[in-house]
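Secondary and tertiary structure notes
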Amino acid sequence: MSSDARVLPTLNADGTRVRVRPRVVRGRFFDRRRIVAYGLLVAFLALPWIHINGRPAMMMDLGTREFALFGAIFRPTDTLSLLFFGLSLAFGIVLITTLWGRLWCGWACPQTVWLEWVFRPIERLIEGNPSQQRAIDAQPGISGRRLLKHAIFVGLAFVVANTFLMYFVGTERITHWVTQSPSNHPVGFGVVVVVTGLMFFDFAYFREQTCTFACPYGRMQSVMLDRQSLIVAYDPKRGEPRGKPAKKSLPVIEDKRGDCVDCGACVQVCPTGIDIRKGLQMECIGCAQCVDACDGVMTKLERPIGLIRYTSGAELAGEPRKLFRARTMIYPALFAVAFTGLMVTLGARQNADAWLERTSNPYEMLSDGEVSSPVQLRVENRTDGPRVYTLTYQDAAGVKPMGLQPTYKLAAHQARQIAFVVLSPRGSFSEGKRHAALHVADDDGWSVTLPVLVLGPQHDDHDDHERGHDGAHEGEHR
Ligand code: SF4
Ligand code: SF4
């Protein structure tokens, strides 16, 4: 079966994998991508170690469920900020994709950056050029060069995996996991082993299949692109009919051939194994390797570059480029609304937060006739320094809060649950409830008064040992 009859360019007719062994061609986009890639690699490796306001520059802490982003801290209770952050991210991605297509995939995605600028260069260094790599593929068993390559890949996968995990559990824990005996932290050791294995599988074997099959962003982009989006495309009007260039020594009567000399260079360099001359395909990550390859060929033939270029579907069809269209106006507007919401909610955040939590039993009748009502408070210090919180419980005469200290000290960014009980005379309730208040103030001017709804028995019944339903306490922030 011919290659044209394949379902996918990386799949043989019998279902076996076609391994992509791209050639490297230097060019204007190669040089620019390399600068971007090295910058991103440094950022990826360094960010977990950089601290701003005592927090990593970027970390999604799975333990505390906090998200640190360049000094801003998002907590699960920052519902509105998180919502606006998520919306800003989503609209930003949609907008960037609409304007610049898969530029992210080809230039900045960690998968592409690590594969094309770290793993493949090492592969070429050890196994040689694509033909030499294919010769090793065809050898029975496993060659010494391939063993060496895989050993280095395992080490690299270990580095990538640990750095990746640092974004979720922090540098200290990873350092502990890596430097201590696995028996001290079997779960952590297991996580590192599994993630290292996944990274090795991805970069040594699965490679471009991740972009084609596994990445949801890659799949979603087909619906985000329109005829005006930036894509890498071959210009068939200029290139066809393709054919080998006429020999200069022969007299040419009328050469109707297009500029494509069918050299195959654009296919040989493609990291996803496609032939861009067949039109836009889902595998294309917009890396522009084929642009550099074709520009090199055109330059040698003294023809204009740009037979394959960054363009749009509309431009290729001879239509004018339209920057302003419904999508490029609606998406920025939505992004602006979400981003403004994020800034406003971040700006409105206070130095602390305090709220009452539900308790399983709103009250309990004691043998001495008093009513015991549990109160559960959570106080969160959102500042970068320690704070002392003063708690004042205000209720009817004769009511005694038990287990409540007057002050609590919380470290920077610490959240603490404070539980105490309120002992009330049975007769202090009206229709089974009583309104009280809890005043919380820090030593830096922040304060809030939380209304407390204390539930008690409906009737003055001494045998009433009923436990009420949820919702004994309600809290509001002032
Ligand atoms: S590199 Fe350019 S000239 Fe060569 S096959 Fe591709 S499009 Fe044609
Ligand atoms: S077709 Fe060109 S731009 Fe697309 S993935 Fe292949 S080399 Fe990169």
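Predicted, not measured: the structure shown is a model, and the values here were computed from it. (Residues numbered from 1 in each chain as written. Chains lettered and ligands numbered in written order. Predicted model: local features only at pLDDT ≥ 70, side-chain atom pairs only at ≥ 80, totals over all residues.)

1. Here's the deal with the overall build of the protein chain
When you go through the protein chain residue by residue, the secondary structure sums to 15 helices and 16 strands. Looking at the protein chain residue by residue over its 478 residues, the buried ones come to 27%. Taking the contacts inside the protein chain whose residues are at least 6 apart along the sequence as the reference set, 65% of them involve residues at least 24 apart. (Helix = DSSP H or I, 4+ residues; strand = E, 2+ residues; numbered from the N terminus. Buried ≥ 20, exposed ≤ 12 C-beta atoms within 10 Å, placed from the backbone. Contact = placed C-beta atoms within 7 Å.)

2. Regarding the environment of V160
In this structure, V160 sits in helix 6 (residues 144-169). If near-sequence neighbours (up to four positions away) are discounted, V160 is found in contact with W114 and M199.

3. Describing the nonpolar core
Residues V232, C266, I276, C290, C294 and I308 are the most contacted members of the largest nonpolar core, which totals 45 residues. When contributions to this core are tallied by element, the ones reaching two or more residues are helix 4 (110-127), helix 6, helix 7 (171-179), helix 8 (186-206), strand 6 (231-234), helix 12 (265-268) and helix 13 (289-300). Of the residues forming this core, the biggest block, seven residues, is contributed by helix 6. Apart from residues no more than four positions distant in its own chain, C290 is found in contact with V232, C266, V269, C270, I276 and I308. In this structure, Y363, V452, V454 and L455 belong to the second largest nonpolar core, which totals 17 residues. (Core = buried A, V, L, I, M, F, W, Y, C linked by C-beta atoms within 7 Å.)

4. Considerations on the site of ligand 2
Around ligand 2 there are 14 residues in total, and C270, I276, C284, C287 and C290 lie nearest to it. A per-class count over the shell around ligand 2 returns 11 nonpolar, three polar and no charged. (Near = placed C-beta within 6 Å. Nonpolar A, V, L, I, M, F, W, Y, C, P; charged D, E, K, R; others polar.)

5. Observations concerning the site of ligand 1
The environment of ligand 1 is made up of 16 residues, and the closest members are C260, C263, A265, C266 and C294. Among the secondary structure elements, those contributing two or more residues to the shell around ligand 1 are helix 12 and helix 13. With three residues, helix 13 is the single largest residue contributor to the shell around ligand 1. In terms of residue class, the shell around ligand 1 is made up of 11 nonpolar, two polar and three charged.

6. A few points about the sheet that holds strand 3 (residues 58-61)
Spatially, 3-4-5 is the arrangement adopted by the three strands of the open sheet, whose pairing is antiparallel. This sheet does not close on itself; its edge strands, each paired only once, are strand 3 and strand 5 (72-74). Put simply, the sheet's adjacent strands are angled 10 degrees from each other on average, direction ignored. For strand 4 (residues 66-69) and strand 5, the ladder comprises three bridges, and the chain directions are antiparallel. Within strand 5, the position partnered with L69 by the bridge is A72. (Pairing = 2+ DSSP bridges. Axes fitted to C-alpha atoms, helices over the stretch in contact; angles between N-to-C directions.)

7. Side note on the sheet that holds strand 11 (residues 387-394)
Across a sheet, paired strands are connected by hydrogen bonds in the backbone, their directions being either parallel or antiparallel. Strand order in the open sheet formed by four strands is 13-11-15-16, and the pairing between neighbours is antiparallel. Because the sheet does not close on itself, it has two edges, and the strands there are strand 13 (407-410) and strand 16 (447-455). The sheet shows a mean angle of 25 degrees between the axes of neighbouring strands, direction not considered.

8. Things to note about helix 15 (residues 326-347)
When the terminal C-alpha atoms of helix 15 are compared, their 31 Å separation across 22 residues agrees well with the 32 Å that a helix rising 1.5 Å per residue should span. Taken together, the buried positions of helix 15 are occupied by Y331, F335, A338 and L342. Take helix 15 and look down its axis: the buried residues cluster within an arc of 70 degrees, on one side only. Opposite its buried face, helix 15 presents the exposed residues A326, M329, A333, A336, T340, V344 and G347, each directed more than 90 degrees away. Against helix 2 (79-100) lie the buried residues of helix 15. (Expected span 1.5 Å × (residues − 1). Arc of directions from axis to C-beta.)

9. Description of the pairing of strand 16
A regular strand carries its side chains on alternate faces of the sheet. In terms of strand pairing, strand 15 (residues 433-442) meets strand 16 through nine bridges, oriented antiparallel. Along strand 16, the bridge assignment pairs K433 with L455.

10. Notes on the packing of helix 2 against helix 15
Put simply, helix 2 and helix 15 touch, their axes get as near as 8 Å, and they point 155 degrees apart. One element, helix 2, and the other, helix 15, form an angle in the roughly antiparallel class. Seen along the crossing, helix 2 lies across helix 15 with a hand that is left-handed. Here helix 2 contributes L80, S81, F84, F85, L87, S88, F91, G92, V94, L95, T98 and L99 to the contact with helix 15, which in turn contributes R327, T328, Y331, P332, L334, F335, A338, F339, G341, L342, T345 and L346. Residue composition of the contact of helix 2 with helix 15, by class: 16 nonpolar, seven polar and one charged. (Parallel < 35°, antiparallel > 145°, perpendicular 65-115°, else oblique. Left-handed = near helix turned anticlockwise from the far one by under 90°.)

Functional significance is not addressed by these values, which are geometric in nature.
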